Amino acid sequence: MTIALPNLPYDKKALEPHISSRTLDFHHGKHHNAYVTNLNKLIEETDLANKSLEDIIKETVNDADRAGIFNNAAQVWNHTFYWQSMKPNGGGLPSGDIAEKINADFGSHEDFISQFKNAALTQFGSGWAWLVLKNNKLEIIKTANADTPIAHGIKPLVTVDVWEHAYYLDYQNARGDYLDSFFKHLINWEFVNSNLV
Ligand code: MN
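Residues numbered from 1 in each chain as written. Predicted model: local features only at pLDDT ≥ 70, side-chain atom pairs only at ≥ 80, totals over all residues. Heavy atoms only, no water.

### Notes on the overall build of the protein chain
Here is the rule we go by: Helix and strand definitions follow DSSP, with helices as H or I runs of at least four residues and strands as E runs of at least two, each counted in order from the N terminus. The globule rule used here is 2.2 Å times the number of residues to the 0.38 power, and the radius of gyration it is set against is calculated over C-alpha atoms. Relative accessibility under 20% of the residue-type maximum defines a buried residue, over 50% an exposed one, and the middle range a partly exposed one, all with a 1.4 Å probe and only protein chains included. Values of accessible area rely on a 1.4 Å probe in the Shrake-Rupley scheme; residue burial ignores everything except the protein chains shown. Charged residues are defined here as Lys and Arg on the positive side and Asp and Glu on the negative side; His and the ends of the chain fall outside this count. To locate a charge, take atom NZ for lysine, CZ for arginine, CG for aspartate or CD for glutamate.
Along its length, the protein chain carries eight helices and three strands. Starting at the N terminus and ending at the C terminus, the protein chain contains elements arranged as α-α-α-α-α-β-β-β-α-α-α. Relative to the 2.2 N^0.38 estimate, which gives 16 Å for 197 residues, the radius of gyration of the protein chain is 17 Å and therefore close to what a compact globule would have. By its C-alpha atoms, the protein chain is 50 × 40 × 30 Å across when sized along the principal axes. Within the protein chain, buried positions represent 52% of all 197 residues. Working note: accessible area of the protein chain is about 9,400 Å², and carbon and sulfur atoms make up 48% of it. Computing the positive centroid from 17 side-chain charges and the negative centroid from 24, the protein chain places the two 2 Å apart.

In C-alpha cells:
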C-alpha cells in the first residue's frame, strides 16, 4: 500500500484573492507532495509499509529513531486536514452545534477568534494552530513543526497552517493578516460541524 497525495477539495484558484493559486501550487504540489514522496520512501519494506497513515503517526510519535517517518506522516495528515478546513466563500459566523459550543466554551465568537489568533501568532517558528475537542470541551492548542493532535489522542476540529510556506507568497511576514483572511473568508464551518459529531 502506498500513501497517496489527495487532490485539493477545490480548484487551485478557488480561494483567491485570499490564498493564491501560486501558493497552492507550491503548498499542495510541492510541499504536501514532498511529504508523501518522502514518507513512501521511508516506510518502503518496513513493518509500517502496510499500515494506515493514522497508525504510522501513532506508532512513531516520540520515537527518536523514527522521527523522520513521524514528521513526514504527520505533515501528510495535517495538510489534508488543513485543505478541508477551508472552502471558497467560507468564513464568517458559524451555525449549528459549533456555534452554540463556541459560545458555551469561549463566551463569545469574538473571544474564540481572539484566543485562536493569539495561539497562531505566538507559535514561534513553524507549526499549526488547532481547535480541538478535549473531554467534550472546545480548546485551542498549537503544535510545533509536524506535531499533530491525533498523535496524542486529541480530536481536531479545524486547523490553520502557520508555517511560512502557507502564507509568505501572499502575505509575506504578516501572519496576522493571513489569519484574519482565514476567519473572514476561508474557514469551512460545515467541516468543523462534521468533526464535532
Ligand atoms: Mn504547510
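Structure shown, so let's carry the discussion forward.
### A look at the environment of Glu-164
Along the chain, the position of Glu-164 falls in the loop between strand 3 (155–161) and helix 6 (168–171). In sequence terms Glu-164 and Leu-179 are 15 residues apart; their C-alpha atoms lie 12 Å from each other.

### Points about the coordination of the manganese ion
What counts here: Metal sites are built from N, O and S donor atoms within 2.8 Å, or 3.2 Å for Na, K and Ca, and they leave out water, so they may look incomplete.
Distances from the manganese ion to its protein donors, His-27 (NE2), His-79 (NE2), Asp-161 (OD) and His-165 (NE2), fall within 1.9 to 2.1 Å. When the donor residues of the manganese ion are listed from N- to C-terminus, their spacing reads H-x51-H-x81-D-x3-H. Residue His-27 is found in helix 1 (residues 21–43), and its partner Asp-161 is found in strand 3; the two are separated by 134 residues along the sequence. Like Asp-161, His-27 is buried.

### Quick notes on the sheet that holds strand 3
Note: strands within a sheet are paired through backbone hydrogen bonds, in either parallel or antiparallel orientation. To be explicit about the condition: For two strands to count as paired, DSSP must find a minimum of two bridges between them. Axes here mean lines fitted to C-alpha atoms, for a helix over just the part in contact, with angles spanning 0 to 180 degrees between N-to-C directions. What makes two residues a contact is simply this: any of their non-hydrogen atoms within 4.5 Å.
Read across the sheet, three strands follow the order 2-1-3 without closing on themselves; strand pairing throughout is antiparallel. A single partner strand is all that each edge strand has here, and the edge strands are strand 2 (137–144) and strand 3. If you compare each strand with its neighbour and ignore which way they point, the axes differ by 25 degrees on average. In the packing of helix 8 (residues 189–196) onto the sheet, contacts are made with strand 1 (127–134), strand 2 and strand 3, and the angle to strand 3 comes to roughly 155 degrees.

### Examining the packing of helix 5 (residues 109–122) against helix 7 (residues 175–186)
The following threshold applies: Handedness of a crossing is defined here by the sense of rotation of the near helix relative to the far one, left-handed for an anticlockwise turn of less than a right angle and right-handed for a clockwise turn. Amino acids are sorted into nonpolar (Ala, Val, Leu, Ile, Met, Phe, Trp, Tyr, Cys and Pro), charged (Asp, Glu, Lys and Arg) and polar (every other residue, Gly among them).
Contact geometry of helix 5 with helix 7 gives a least axis separation of 10 Å together with a crossing angle of 140 degrees. Helix-helix and strand crossings are classified by hand; for helix 5 and helix 7 the assignment is right-handed. Here Phe-112, Ile-113, Phe-116, Lys-117, Ala-120 and Leu-121 of helix 5 come into contact with helix 7, specifically with Arg-175, Gly-176, Leu-179, Asp-180 and Phe-183. Broken down by class, the residue content of the contact of helix 5 with helix 7 amounts to seven nonpolar, one polar and three charged.

### Quick look at the domain arrangement of the protein chain
Stated formally: These domain boundaries are the output of an automatic or database domain assignment. The rule for a salt bridge is simple: a side-chain nitrogen of Lys or Arg has to be within 4 Å of a carboxyl oxygen of Asp or Glu. Contacts described as polar in this section are N or O atom pairs within 3.5 Å, which, within protein, must combine one atom able to donate a hydrogen with one able to accept it, while residues neighboring in sequence count only if both atoms come from side chains.
Split into domains, the protein chain comes out as domain 1 (21–84) and domain 2 (97–196). In this structure, domain 1 and domain 2 have C-alpha centres spaced 20 Å apart. Listed by partner, the interface residues are 20 residues for domain 1 and 24 residues for domain 2. Here domain 1 is connected to domain 2 by zero salt bridges. At the boundary of domain 1 and domain 2, one finds ten residue pairs in polar contact (both at pLDDT 80 or more). Sorting the residues of the side of domain 1 that touches domain 2 by element identifies helix 1, helix 2 (53–60) and helix 3 (67–84) as the ones contributing at least two each. If one sorts the elements of the side of domain 1 that touches domain 2 by residue count, helix 3 sits on top with ten residues. In the side of domain 1 that touches domain 2, the residues fall into nine nonpolar, eight polar and three charged.

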